[in-house]
Amino acid sequence: MNRNILILSVLMCLAIVSSSCGGDDSSSANNESTARVKLEEYSLSFLDRGSSNSPAKAGTIAFQVENKGLLNHDFIVVKTNLTADSLEVNSFEAKVNEQTVGEILGRIPQENLGPSSTYSLSLNMSPGKYVIFCNVAAHYQSGMYGQFYVE
Ligand SMILES: [Cu+2]
């Protein structure tokens, strides 16, 4: 537990350092950006993509995932051309079928994030369409998903 908190603290410090000293030269080949995501019952929302859900720039994207809800939530990033609301659900488990969902690019460890917790997940993302969702039983079906674009 203490070790997890330590790792989380280090990740948060790294995120602060990288965002404060990152150049704003958009021609940089090694583009890095952050994307804040809020999880709650039952939604997954991108806090800095605007109302039109504008695309993020390809490169390393550090997701700052915040659980603002009262339950544990999950966070899975999949590269897929399926729309966010059309992933295949295994009705027995009440979960998205992770075997058929496509390329899982990343997820938070232990498959859940406790209430009032934050986790930073850095992923190298190429241009395309992504779906991000929570796969705690019944949460996807309740609306915990979002469409994420990279260009
Ligand atoms: Cu959830």
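Cut-offs used in this document
- Residues numbered from 1 in each chain as written.
- Predicted model: local features only at pLDDT ≥ 70, side-chain atom pairs only at ≥ 80, totals over all residues.
- Helix = DSSP H or I, 4+ residues; strand = E, 2+ residues; numbered from the N terminus.
- Buried ≥ 20, exposed ≤ 12 C-beta atoms within 10 Å, placed from the backbone.
- Contact = placed C-beta atoms within 7 Å.
- pLDDT = per-residue confidence, 0-100.
- Pairing = 2+ DSSP bridges.
- Axes fitted to C-alpha atoms, helices over the stretch in contact; angles between N-to-C directions.
- Core = buried A, V, L, I, M, F, W, Y, C linked by C-beta atoms within 7 Å.

*Asks:* Honestly, the overall build of the chain in this entry has me stumped. Any pointers?
*Replies:* A count of helices and strands for the chain gives one helix and 10 strands. When the helices and strands of the chain are listed from N to C terminus, the series reads α-β-β-β-β-β-β-β-β-β-β. Looking at the 151 residues of the chain, the share that counts as buried comes to 24%. Sequence-distant contacts in the chain: of pairs separated by 6 or more residues, those separated by 24 or more amount to 75%.

*Asks:* Is there a simple way to think about the confidence of the model for the chain in this case?
*Replies:* Residues shown with low pLDDT carry predicted positions that ought not to be read at fine detail. Confidence along the chain averages 86 in pLDDT terms, with 80% of residues attaining 70 or more. Per-residue pLDDT stays below 50 along residues 16-28; that stretch engages in four contacts with residues further than four places along the chain or on separate chains.

*Asks:* What's the story with the sheet that holds strand β7 (residues 103-107) in this structure? I'm lost.
*Replies:* Sheet strands associate in pairs through backbone hydrogen bonding, adopting either a parallel or an antiparallel arrangement. Strand order across the open sheet formed by four strands is β7-β4-β9-β10, with antiparallel pairing between neighbours. Since the sheet does not close on itself, it has two edges, and those belong to β7 and β10 (145-150), each with one partner. The sheet shows a mean angle of 25 degrees between the axes of neighbouring strands, direction not considered. Taken together, the six bridges between strand β9 (residues 128-133) and β10 define a ladder with antiparallel strand orientation. In the sheet register, F133 faces β10, and the bridge partner there is Y145.

*Asks:* Hey, could you run me through the pairing of β9 in this one?
*Replies:* Residues in a regular strand project their side chains so that they alternate between the two faces of the sheet. Inspection of the sheet shows strand β4 (residues 76-79) paired to β9 by four bridges, in the antiparallel sense. By the bridge assignment, I76 is partnered in β9 with F133.

*Asks:* Just to check I follow, could you spell out unusual backbone geometry for this structure?
*Replies:* In terms of backbone geometry, most residues other than glycine have negative phi values and most peptide bonds are trans. In the segment running from E41 into Y42, the intervening peptide bond is cis, with an omega of -15 degrees. With a phi angle near 60 degrees, S116 is a residue other than glycine that sits in the positive phi range. Topologically, S116 is positioned in the loop between β7 and β8 (118-125).

*Asks:* Any chance you could explain the sheet that holds strand β2 (residues 43-46) here in plain terms?
*Replies:* Strands sit in the order β2-β1-β3-β8 across an open sheet of four strands; the sheet is mixed. Strands at the two margins of the open sheet, each flanked by one partner only, are β2 and β8. Across the sheet, the axes of successive neighbouring strands diverge by a mean angle of 25 degrees, strand direction being ignored. Relative to β2, strand β1 (residues 32-40) is paired through four bridges, and the arrangement is antiparallel. The residue bridging L39 from the neighbouring strand is L44, located in β2.

*Asks:* What is the right way to look at the nonpolar core in this model?
*Replies:* It is characteristic of soluble globular proteins that their nonpolar side chains tend to be buried jointly. Formed by 28 residues in total, the largest nonpolar core has its most connected members in L44, V65, F75, I132, F133 and C134. Of all the secondary-structure elements, those providing two or more residues to this core are β1, β3 (59-67), β4, β8, β9 and β10. With four residues, the top contributor of residues to this core is β9. Other than its neighbours up to four places away in sequence, F75 contacts L39, V65, R107, I108, L113, I132 and C134.

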